Amino acid sequence: MTATATEHAPAAPPPLAARVRSAGGSVVRDILAVTARPEVINFAGGLPAPELFDAEGVAAAYQAVLTETPDRALQYSTTEGEPALRAALAARTGARGLPTAPDDLLVTTGSQQALSLLATALLEPGDTVLVENPCYLAALQAFTLAGARIVAVPGDEDGVDPGALDDLVARERPKLFYTVPTFQNPTGRTLPADRRAAVAEAAARRGVWIVEDDPYGELRFEGARVPWIASHEPARDRTVLLGSFSKVMAPGLRIGWLRAPAALRRACAVAKQAADLHTPTVNQLAAARYLTDRDLDAHVTRVATAYGARRDAMLTALPDVLPTGSRWTRPGGGMFLWARLPDGHDTTALLPEVLRHDVAYVPGAPFHATAPDPATLRLCFVTHTPDEITEGLHRLGEALRVPAA
């Protein structure tokens, strides 16, 4: 009998996991791929200004560890992180009002990995996660990949409403509440001290984890620092504090960390062993050496001063750029500004015309866990100089004045 063509045809491979098929990609990354042309003034990314990196200091730190301790720098390390780095991070955290021991910390490959580890350690498919609205986009991705059901907590221009959070925790029985309370991504807003205390009390009363993400808190250029939620006594046994050097030293180092109660920290270490064994040793030692040899706080002050001038340039230009009736935030630090155009505008539909004018933003809709607001958008004000910001916003204004087809 002659074999048929069907009998010799290869079988299709098994499908991708459902969690990947349902999660989708990063809208920001997709836009960055489209706007890679050098002539584009890009307000879409969350990229620190590269000309403000302390490249000399970072290079000297790598040179020192590779010259003095190459066997250690190029070797495997412990999952929890290099002792020298954890000691330095603990000292910095303690100096900011939260007593911390090195063993309270787990070093991660960027704070984004910390979110993935927490999702692995805490979430079962179908578990509920509460988030701000709008919310950091990559956190939504991490929780979606874990199979979580995501519920947005109502808020206002000051951030999440603690009363609404308390009601939702009672009704939804979530595993965790995720928040970026200082210079939030995407809005730039900062949660006031009294609301932070109320969030801590609600978490203690109702029984829920708080994941407090703080990648931007040191980039303050006006106002007084607001203490972490993790520093409030009611929430100390249930708050995970995330930190990162990506915005204050360099994102290419991929150095982040989490501070968590012992049992959860150990669970995250087990998850990290399965993910990457440990964060690169040479990067950790270089970061620790930088903290020893250089004044990171002075560097951050210089960066924040420059970012404040760039924010001011954006705030100055916006009234003449956005349609009458638009509103926007005035962040006291961080990297982002959030705007809302009048009803009837759709920033996703407007984006192709905006890109044709060699400027870019991120539409606000993907940042909403539920009921997206099509009239919103996020602008990053730190990547470009004040003059470039002024030119970019001029282009944006021209694009928004083009009649709809």
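Residues numbered from 1 in each chain as written. Predicted model: local features only at pLDDT ≥ 70, side-chain atom pairs only at ≥ 80, totals over all residues. Heavy atoms only, no water.

**Q** Help me understand the pairing of strand 8 (residues 209-213) in this model?
**A** Successive side chains on a regular strand alternate, one facing one side of the sheet and the next facing the other. Strand 8 sits mainly inside the fold: 4 of its 5 residues count as buried. In terms of strand pairing, strand 7 (residues 176-179) meets strand 8 through 4 bridges, oriented parallel. Along strand 8, the bridge assignment pairs Phe177 with Ile210. With helix 10 (residues 193-206) bridging strand 7 and its parallel neighbour strand 8, the resulting β-α-β unit is right-handed. (Buried < 20%, exposed > 50% of the residue type's maximum accessible area, 1.4 Å probe, protein only. Helix = DSSP H or I, 4+ residues; strand = E, 2+ residues; numbered from the N terminus. Pairing = 2+ DSSP bridges. Right-handed = clockwise from strand over helix to strand, strands pointing away.)

**Q** Just to check I follow, could you spell out the sheet that holds strand 10 (residues 255-259) for this structure?
**A** Whenever strands of a sheet pair, they do so through backbone hydrogen bonds, lying parallel or antiparallel. Pairing within the open sheet is mixed, and its 7 strands lie in the order 2-10-9-8-7-3-4. With one partner strand each, in any of the chains shown, strand 2 (105-109) and strand 4 (149-152) form the two edges of the open sheet. Geometrically, the sheet is characterised by an average inter-axis angle of 25° between neighbouring strands, direction not taken into account. Across the sheet, helix 7 (residues 110-122) lies against strand 2, strand 7, strand 8, strand 9 (239-244) and strand 10, angled at about 115° from strand 2, the strand it touches most. (Axes fitted to C-alpha atoms, helices over the stretch in contact; angles between N-to-C directions. Contact = heavy atoms within 4.5 Å.)

**Q** Is there a simple way to think about helix 7 in this case?
**A** An α-helix turns once per 3.6 residues; consequently, residues spaced three or four apart project the same way. The end-to-end C-alpha distance of helix 7, which contains 13 residues, comes to 19 Å, matching closely the 18 Å that a straight helix rising 1.5 Å per residue would cover. Within the span of helix 7, buried status applies to Gly110, Ser111, Gln113, Ala114, Leu115, Leu117, Leu118, Ala119 and Leu122. (Expected span 1.5 Å × (residues − 1).)

**Q** Before we go on, may I ask you to explain the side chain of Asn185 in this structure?
**A** Tracing the sequence through the fold places Asn185 in the loop between strand 7 and helix 10. With a relative accessible area of 3%, Asn185 lands in the buried category. Setting aside residues up to four positions removed in sequence, Asn185 forms contacts with Cys135, Tyr136, Val180, Tyr216, Phe336, Phe367 and Arg378.

**Q** What exactly am I supposed to notice about the nonpolar core here?
**A** Counting residues in hydrophobic clusters, the biggest one holds 93 residues, and the most contacted among them are Phe143, Tyr178 and Phe245. At 8 residues, the largest contribution of residues to this core is made by helix 13 (residues 296-317). Apart from the residues within four sequence positions on either side, Phe245 is in contact with Leu85, Leu89, Ala250, Ile255, Trp257, Ala287, Leu291 and Leu296. Ranked by size, the runner-up nonpolar core spans 17 residues in total, among them Leu168, Ala203, Ile210 and Ile229. (Core = buried A, V, L, I, M, F, W, Y, C linked by side-chain atoms within 4.5 Å.)

**Q** Is there a simple way to explain the sheet that holds strand 14 (residues 362-363) in this structure?
**A** One open sheet accounts for 4 strands, arranged 11-12-15-14; its pairing is antiparallel. Bordering the open sheet on either side are strand 11 (327-328) and strand 14, each of which pairs with just one other strand. As defined by bridge partners, strand 14 adjoins strand 15 (residues 376-380) across 2 bridges and the pair is classed as antiparallel. Counterpart to Pro363 in the pairing with strand 15 is Leu377.

**Q** Looking at this structure, how should I read the side chain of Thr281?
**A** Tracing the backbone through its elements, the reader meets Thr281 in helix 12 (residues 281-293). A residue is classified by how much of its surface remains accessible, and Thr281, at 3% relative accessible area, is buried. In this view, Thr281 contacts Arg72, Ala73, Gln75, Tyr76, Ser77 and Glu82; residues no more than four positions away in its chain are not counted.

**Q** Explain the packing of helix 6 (residues 83-95) against helix 12 here, please?
**A** Axes are the key here: two packed helices are described by the angle between their axes and the distance separating the axes. Relative orientation of the contacting elements helix 6 and helix 12 amounts to 45°, with a least axis distance of 8 Å. For the element pair helix 6 / helix 12, the angle class is oblique. Crossing geometry of helix 6 relative to helix 12 is assigned as left-handed. Mapping the contact onto sequence places Ala84, Leu85, Ala88 and Arg92 in helix 6 and Gln284, Ala287, Ala288 and Leu291 in helix 12. (Parallel < 35°, antiparallel > 145°, perpendicular 65-115°, else oblique. Left-handed = near helix turned anticlockwise from the far one by under 90°.)

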